[in-house]
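# Observations on the model geometry
Each chain, letter by letter, is given below.
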There are 4 protein chains.
Amino acid sequence: MVNVGIIGVTGYAGEELIDILLKHPSARIANISAKIDKPRRISDIFPKFKNRIDLVCSEPDLAKIASTCDLVFLALPHTVSMGIVPGLLKAGKKVIDLSADYRFKEAKIYEKFYNTRHTDKPHIAGAVYGLPEIYRAKIRNALLIANPGCYPTVSILALAPLVALDLIDLDSIIIDAKSGVTGAGRKVTENSLFSEINDDFKAYKVNSHQHAPEINQELSKLSGKKIEVTFVPHLLPLDRGILATIYARKKKGAIRKTQNLFTLYKNFYKKEPFVRVKNEGDFPRIKDVFKTNFCDIGIKEEKDAIIIIAAIDNLLKGAAGQAVQNMNIIFKFPEDTALI
Amino acid sequence: MVNVGIIGVTGYAGEELIDILLKHPSARIANISAKIDKPRRISDIFPKFKNRIDLVCSEPDLAKIASTCDLVFLALPHTVSMGIVPGLLKAGKKVIDLSADYRFKEAKIYEKFYNTRHTDKPHIAGAVYGLPEIYRAKIRNALLIANPGCYPTVSILALAPLVALDLIDLDSIIIDAKSGVTGAGRKVTENSLFSEINDDFKAYKVNSHQHAPEINQELSKLSGKKIEVTFVPHLLPLDRGILATIYARKKKGAIRKTQNLFTLYKNFYKKEPFVRVKNEGDFPRIKDVFKTNFCDIGIKEEKDAIIIIAAIDNLLKGAAGQAVQNMNIIFKFPEDTALI
Amino acid sequence: MVNVGIIGVTGYAGEELIDILLKHPSARIANISAKIDKPRRISDIFPKFKNRIDLVCSEPDLAKIASTCDLVFLALPHTVSMGIVPGLLKAGKKVIDLSADYRFKEAKIYEKFYNTRHTDKPHIAGAVYGLPEIYRAKIRNALLIANPGCYPTVSILALAPLVALDLIDLDSIIIDAKSGVTGAGRKVTENSLFSEINDDFKAYKVNSHQHAPEINQELSKLSGKKIEVTFVPHLLPLDRGILATIYARKKKGAIRKTQNLFTLYKNFYKKEPFVRVKNEGDFPRIKDVFKTNFCDIGIKEEKDAIIIIAAIDNLLKGAAGQAVQNMNIIFKFPEDTALI
Amino acid sequence: MVNVGIIGVTGYAGEELIDILLKHPSARIANISAKIDKPRRISDIFPKFKNRIDLVCSEPDLAKIASTCDLVFLALPHTVSMGIVPGLLKAGKKVIDLSADYRFKEAKIYEKFYNTRHTDKPHIAGAVYGLPEIYRAKIRNALLIANPGCYPTVSILALAPLVALDLIDLDSIIIDAKSGVTGAGRKVTENSLFSEINDDFKAYKVNSHQHAPEINQELSKLSGKKIEVTFVPHLLPLDRGILATIYARKKKGAIRKTQNLFTLYKNFYKKEPFVRVKNEGDFPRIKDVFKTNFCDIGIKEEKDAIIIIAAIDNLLKGAAGQAVQNMNIIFKFPEDTALI
């Protein structure tokens, strides 16, 4: 039995972590905390947890967390985690950080896109980017996991076979992504009001979203060459789910006539419990991955072009589900425990 | 041509007033204002008005408003209007106030339910409750209109025939009302976030909503006896529209065997351009009154019980549409101008 | 390990049964069937089940079902189950029928409201109405469970304490219920199109819904006197969830001054794993019971009146969840297995 | 006063035509018809029109239509219009056809994508493609208007300046389009059920939609060279509105350093009443064009790439609004009559 703590439990990802971990036979939620005025029962904050969990949520007390937990999930706003991670690591705790703080190998890129100074550079190098389909071996022994962003998770999984096998022109990648509103966290702004979202649809941060450099870093690593994608996120009038429609040009001569992209994708992901490659003519939809940890991928070839469509639940495979998948890997539990 | 001003133009009702008045052949929007950091073109605040209206919205300047407008709509939060009305009336302007400030004949009730002191008691007596179906004659000569609340509009129209003709037990009235989210105005609170409303439904202010005393006041006037309704409002996951399901017991012997409630309602409202009484077996739905100034009413008799179902668009018949209807009456324009 | 079959697996309740049973450590889905043109893999019908279950759905083959299953869930349209139940019972199988076919002790009422002749009257008497909070003892030994309707489940649980303890006027009960669209099943009609539901809200079958006699039967049994409720269902623009707002008059002198309704409800349900009584001032909302098997109940006293607000997920506590709860009781599994 | 007929009045576009024409001071709806079992008052079919229009909808009677109408709108399913148009033209009526039947200059392309034989080829050549921003001069004297498709309208308006001025690589155009569900018409299919659309998002007809050849035809005409776009439509969980995100590569050397795309677009559309070009950093959203006849266009330059985002209401600028705009042009009414 692993004892886990959740810091930042009042946000969407924290709420989701509780939901998953309550179903986990080998993990026990030992401590929950958040920025909060005064201690409150979690079932008073989220009445849906009444009769299911009876813990009190207080401000994080690192000594107490360290003494009761083996692993700590940080479901905190970006720039907050890096103030907490050093203490937890020093206390010998495993850490899975759902924020962006340790995702970038170059602190400079993080500092530019998150508009802040990185205050814990020494731990960046050791942090493992927690995308199991790419980094499972490293995750097994990681002390600190930088859990990927939601858009990067779906984009990298959709493109990894093409990029790793060098099948497309690297300057041709366009990611047209559409996300439900929980992707932005539980921030109270006029833009997030029901009447601003319902019956509406729009692009935002057009080719300037902070997830673009994260996608670029990981695709570039897979390719060995520098990749800069075009990335346009849009806001859907629904709670959760991301669907990305991705366009790329085939690299001349790279795909043999006899090669079949569907076979190629299915082989690439054949041992993956959470990636489902569709057959020809079938495409993903958000409803199929809603409240699941799956990433569904559909493929369309069109002469020189390839269109990849991929979908995840941004709060599960895009956040809390992937975090628990990483925990399962670290503690050698079956990887899909509590996730299927 | 009437020159009108709108104070509080950045709220939902203000936005709606612009939309209606732009279609009005005999009214010209001469001045728009709101609590605002610095003057902004209204088409920058609401891009949907681009190419349709080119005015600048500033903080209200009463001297300027008085010199350019014949009539002023106040689309302000409750408790703000009463600070502005005296000045406008003194300057000889007609005023249609969409807030609750002048709706209550007893200031004490207002003060209790809106939790504030009334600072302009002298003008309460002269204010006319702007429900044309009941007070049209008074509205014609009114200087100050207290435009009704959204729940009261639909509830009073649904019950007026029964109460005025003394057909039901007055202590039996139950109003189970359901409203879209714009009813609460454009307030930025966690409760109004998309993810708090979408896929959800709940009651709120259970039998303690500030519209109950407004309904009680008007029904009591119609009846000549004191009425206290049971009133439970609920929040629908949609932008606009109210549907109220109302239950009452028939007064023993009051309805003659030969009497038909449908005929009775149709007669009661036969000259009303905006009340549509349904035939037996047909009931209102929000879609039918969406973006219209109509109030649709359906009736179901069941032995000793009467069920009345009524629907309006809370921003039109429940606010801005009714306000323009009142303006039309005051200025002797055809009552449905710009509203149909 | 119990081997279960699901007949009618392509409807909403059938789909939900799969979802629950896949998480059940002591149940195995052995056979799935439905009215279907030709056999299809369930993961082709519902792509969300890809990688989770690999069975083929065919037309029901009773011999095969009988030879592979211990218990059979019937998730069929009303009037279909009664053609199948006799054969399954004869083969010694336990049956949980989610349709209305065996809910009514008087076949005449069923025949009137479902507009058909009952073709299996002999099994009506032995069928147990599967509401565990009322009939748990009988469910333990039942061979045939008539799983309750969604509106009856929430209405009976909300009213049972008041009716069983004789605290209200029995002729005063009004149930104003609001349901998501899956309550009507996966029927393809113009009324169920997205554009007919989205942004809309309406009443339907006003005081003529077939769930009213089911509520009447069960409340009358609890009371020992004949009860006829007023029941008005409404359609919410959301997928799943029911919230009922219920009004009743206190019986004169029945509630002692020292008695507290909250205590009374909490005592009544103190051993129930799936009923959560709210504290004073707190009320249920659909989001809190979404995708759970809970029934949340809130109470408001108002002089002579009592307002009860209750919420369930219509596909779980109102259908598939309650069916599995009944299975757990029959097979002596912990009652909340796979449901929390 | 123009007397107009609407054939196919029970579909979304027909319903919308009524709504617009009721506000039109110079047009009178003289005849409405549709495929219908028996004649019905239009206010019984659409209760929202009660008290607004009192016509009866019957099966189309061409003799009667010809004798009472000057212009006829055909709001019919594809392949039906071509059976009606010859008779109307022969009778000397002006026709605005909202279907695809006369949009394609090559009947073969129509026949391939609409999977039917074209039965009125003689009238194809004379039909004018009713996109006023491109064909206004021809529309003025047209006898038969082929009203454009919704996706083509938004796509062509978004791309026309770039294509007409030869600024982009013609093989680089990718149109990622997202539409509300009314775009598919009022067809009753399982795919269009509320529960299939709500909380979901998906691509459909991936690069095989019948609007792609329509876009290709018109862009090729503007360019003088053959253009084949990549076109992926998606389905949004909302009633009405389309937003298209369009990607293209700049043609080497075609855009001078001193040239500004915003200025270029604004000049291109400077006399257009219904095209609104956004300033740098501002982008369209569906809410801004909801229930309007506007097409909003935003631009983002990114090194070698151009991203154009454009939005319309698919039932107005994408169908009925544009049809009335065309009528206004033909009859020399101010072009925005009843549309603003």
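All of these numbers come straight from a predicted model, not from anything done at the bench. (Residues numbered from 1 in each chain as written. Chains lettered and ligands numbered in written order. Predicted model: local features only at pLDDT ≥ 70, side-chain atom pairs only at ≥ 80, totals over all residues. Heavy atoms only, no water.)

## Some points on the interface of chain C and chain A
Our working rule: Contacts between residues were defined by any pair of non-hydrogen atoms, one from each residue, lying within 4.5 Å. Two parts placed together each lose some accessible area; with a 1.4 Å probe, that loss summed over both constitutes the buried area. For this document, the term salt bridge refers to a Lys or Arg side-chain nitrogen within 4 Å of an Asp or Glu carboxyl oxygen. Here a polar contact is taken to be a pair of N or O atoms separated by no more than 3.5 Å, where protein atoms must pair a possible hydrogen donor with a possible acceptor and residues adjacent in sequence count only if both atoms sit in side chains. Counting from the N terminus, the helices are the DSSP runs of H or I reaching at least four residues and the strands are the DSSP runs of E reaching at least two. Just so you know the grouping, Ala, Val, Leu, Ile, Met, Phe, Trp, Tyr, Cys and Pro go in nonpolar, Asp, Glu, Lys and Arg go in charged, and all remaining residues, Gly too, go in polar.
If you look at the interface, chain C gives 21 residues, while chain A gives 21 residues. Between chain C and chain A, the buried area comes to about 1600 Å², and carbon and sulfur atoms account for 46% of it. The largest per-residue losses of area from chain C upon contact with chain A belong to Asn51, Arg276 and Ile340 of chain C, which jointly make up 25% of the total buried on that side. The interface formed by chain C and chain A holds two salt bridges in total. With its nearest N and O atoms 3.0 Å apart, the salt bridge here joins aspartate 239 of chain A to lysine 287 of chain C. At the junction of chain C with chain A, the criterion picks out six residue pairs in polar contact (both at pLDDT 80 or more). Elements supplying a minimum of two residues to the side of chain C that touches chain A: strand S13 (275–277) and helix H11 (286–289) of chain C. With three residues, the top contributor of residues to the side of chain C that touches chain A is S13 of chain C. Taken together, the residues of the side of chain C that touches chain A break down into eight nonpolar, two polar and 11 charged.

## Some thoughts on the packing of helix H7 (residues 150–164) of chain C against helix H10 (residues 261–268) of chain C
Residues and elements named next belong to chain C. Note the following rule: Under this scheme, a helix contributes an axis fitted over its contacting stretch, all axes are lines through C-alpha atoms, and angles between N-to-C directions fall in the 0 to 180 degree range. For classification purposes, an angle smaller than 35 degrees is called roughly parallel, one larger than 145 roughly antiparallel, one from 65 to 115 roughly perpendicular, and anything else oblique.
Viewed as axis vectors pointing N to C, H7 and H10 meet at an angle of 105°, and their least axial separation amounts to 10 Å. Taken as axis vectors, H7 and H10 run roughly perpendicular relative to one another. Across the interface between the two elements, Ala158, Leu159, Ala160, Pro161, Leu162 and Ala164 from H7 touch Leu261, Leu264, Tyr265 and Phe268 from H10. Split by residue class, the contact of H7 with H10 holds 10 nonpolar, no polar and no charged.

## Structural notes on the interface of chain A and chain D
Taken residue by residue, the interface counts 36 residues in chain A and 35 residues in chain D. Counting the surface lost from both chain A and chain D, the interface buries some 3000 Å², and carbon and sulfur atoms represent 59% of this. Linking chain A with chain D are eight salt bridges. The salt bridge partner of glutamate 196 of chain D is arginine 285 of chain A, with a shortest N-O separation of 3.4 Å. Taken together, the links from chain A to chain D amount to 26 residue pairs in polar contact (both at pLDDT 80 or more). Listed by contribution, the elements that provide at least two residues to the side of chain A that touches chain D are strand S9 (174–179), helix H8 (194–197), strand S10 (202–203), strand S11 (230–235), strand S12 (242–249), helix H11 (286–289), strand S14 (295–302) and strand S15 (305–312) of chain A.

## A few points about the relation of the copies chain C and chain A
We apply this condition: When the copies are overlaid, the least-squares fit takes in C-alpha atoms only where the residue has pLDDT of at least 70 in both copies.
By a simple turn and slide, chain C fits onto chain A: the slide is 0.0 Å along the axis, the RMSD is 0.0 Å, and the turn is 180°. Here the copies are linked by what is in effect a two-fold axis. It is aspartate 199 of chain C whose C-alpha, among those of chain C, lies nearest the rotation axis, at 4.4 Å. Counting the interface residues of chain C, we find that 100% of their copies in chain A are interface residues as well, pointing to one common contact surface.

## Details of the nonpolar core
Applied cut-off: In this description, a nonpolar core means a group of buried Ala, Val, Leu, Ile, Met, Phe, Trp, Tyr and Cys residues linked to one another through side-chain atoms lying within 4.5 Å. In this scheme, a residue with accessible area under 20% of its type's maximum is buried, one over 50% is exposed, and one in between is partly exposed, where area comes from a 1.4 Å probe on protein chains only.
Grouped together as the largest cluster of nonpolar side chains are 202 residues, with contacts concentrated most on Phe73 of chain A together with Phe73 of chain D. Those residues in contact with phenylalanine 73 of chain D that lie beyond four places of it in its chain are Val4, Gly5, Ile6, Ile7, Leu17, Leu21, Ile96, Leu98, Ala323, Val324 and Met327 of chain D. Counting 201 residues, the second largest nonpolar core, distinct from the first, contains Leu21 and Leu98 of chain B together with Ile42 and Ala319 of chain C.

## Description of helix H12 (residues 320–330) of chain B
Residues and elements named next belong to chain B. Most of H12 sits inside the fold, with 11 of its 11 residues counted as buried. Turning to H12, its buried residues number three or more, namely Ala320, Gly321, Gln322, Ala323, Val324, Gln325, Asn326, Met327, Asn328, Ile329 and Ile330. Once H12 finishes, lysine 332 follows within two positions and takes phi at roughly 60°, a positive value.

## Description of the pattern of salt bridges
Tallying each qualifying case throughout the model produces 115 salt bridges over all chains. Ionic pairing is found between lysine 251 of chain B and aspartate 166 of chain B, a salt bridge with its closest N-O pair at 2.8 Å. Of this pair, lysine 251 of chain B sits in the loop between strand S12 (242–249) and helix H10 (261–268) while aspartate 166 of chain B sits in the loop between helix H7 (150–164) and strand S9 (174–179), placing them 85 residues apart in sequence. Between arginine 249 of chain D and aspartate 169 of chain D there is a salt bridge whose closest N-O contact spans 3.2 Å. Of this pair, arginine 249 of chain D sits in strand S12 (residues 242–249) while aspartate 169 of chain D is found in the loop between helix H7 (150–164) and strand S9 (174–179), placing the two residues 80 residues apart along the sequence.

## Here we look at H7 of chain C
Residues and elements named next belong to chain C. Formally: Multiply 1.5 Å by the residue count of a helix minus one, and that product is the helix's expected span. Each residue is assigned a bend, namely the angle between axes fitted to the seven residues that terminate at it and the seven residues that start at it.
Relative to the 21 Å expected for 15 residues at 1.5 Å per residue, H7 spans 21 Å between its end C-alpha atoms, a close match to the ideal helical length. Most pronounced at alanine 158, the bend in H7 amounts to some 40°, and the proline proline 161 follows within four residues. Along H7, 14 of the 15 residues are buried, which leaves the element largely enclosed by surrounding structure. Phi turns positive, to about 60°, at aspartate 166, one or two residues after H7.

## Focus: the relation of the copies chain A and chain D
Two copies of a chain can be linked by a rotation about an axis combined with a shift along that same axis. Overlay of chain A on chain D (RMSD 0.0 Å): rotation 180°, translation along the axis 0.0 Å. Mapped onto chain D, 97% of the interface residues of chain A are again interface residues, and the two copies thus contact each other with one and the same surface.

## Observations concerning the domain arrangement of chain A
All names here are of chain A. To keep things clear, this is the line we draw: Where each domain begins and ends is defined by an automated method or by a domain database.
On domain assignment, one finds that chain A holds domain 1 (2–147 + 319–330) and domain 2 (151–312). Summarising the inter-unit geometry, the C-alpha centres of domain 1 and domain 2 are found 25 Å apart. On the domain 2 side, the residues contacting the 23 residues of domain 1 number 26 residues. Carbon and sulfur atoms make up 53% of the area that domain 1 and domain 2 hide from each other, which totals about 2000 Å². Contact with domain 2 buries area across many residues of domain 1, yet Tyr12, Tyr129 and Glu133 alone supply 29% of it, more than any other trio. With a shortest N-O distance of 2.7 Å, glutamate 15 and arginine 186 are connected by a salt bridge.

## Quick notes on the sheet that holds strand S11 (residues 230–235) of chain C
Residue and element names in this part refer to chain C. Selection criterion: Being paired, for any two strands, means DSSP has found at least two bridges between them.
Sheet architecture is open: seven strands sit in the order S10-S11-S9-S12-S15-S14-S13, paired in mixed fashion. The sheet is open, and its two borders are formed by strand S10 (202–203) and S13, each paired with just one other strand. On the sheet, H10 packs against S13, strand S14 (295–302) and strand S15 (305–312) and is oriented at approximately 155° with respect to S14.

## Remarks on the packing of helix H1 (residues 12–21) of chain D against helix H12 (residues 320–330) of chain D
All names here are of chain D. Short version of the rule: Two helices crossing with the near one rotated counterclockwise from the far one by less than a right angle form a left-handed crossing, whereas a clockwise rotation gives a right-handed crossing.
H12 packs onto H1 with a crossing angle of 50° between their chain directions and a minimal axis gap of 9 Å. Classified by the angle their axes make, H1 and H12 are oblique. Crossing angle aside, the handedness with which H1 passes H12 is right-handed. Contacts from Ala13, Glu16, Leu17, Ile20 and Leu21 of H1 reach H12 at Ala320, Gly321, Ala323, Val324 and Met327. Grouping the amino acids of the contact of H1 with H12 by side-chain chemistry returns eight nonpolar, one polar and one charged.

## Brief notes about the sheet that holds strand S8 (residues 144–146) of chain C
All names here are of chain C. Strand order in the open sheet formed by eight strands is S3-S4-S2-S1-S5-S6-S8-S7, and the pairing between neighbours is mixed. Each end of this open sheet is capped by a strand with a single partner; those strands are strand S3 (40–41) and strand S7 (128–129). With six bridges joining them, strand S1 (residues 2–7) and strand S2 (residues 27–33) adopt parallel strand pairing. From the neighbouring strand, valine 2 faces S2, where its bridge partner is alanine 27. Docked against the sheet, helix H1 (residues 12–21) engages S1, S2 and strand S5 (71–74), running at close to 160° with respect to S1. Relative to the sheet, helix H12 (residues 320–330) contacts S1, S2, S5, strand S6 (94–97) and S8, its axis offset from that of S6 by approximately 155°.

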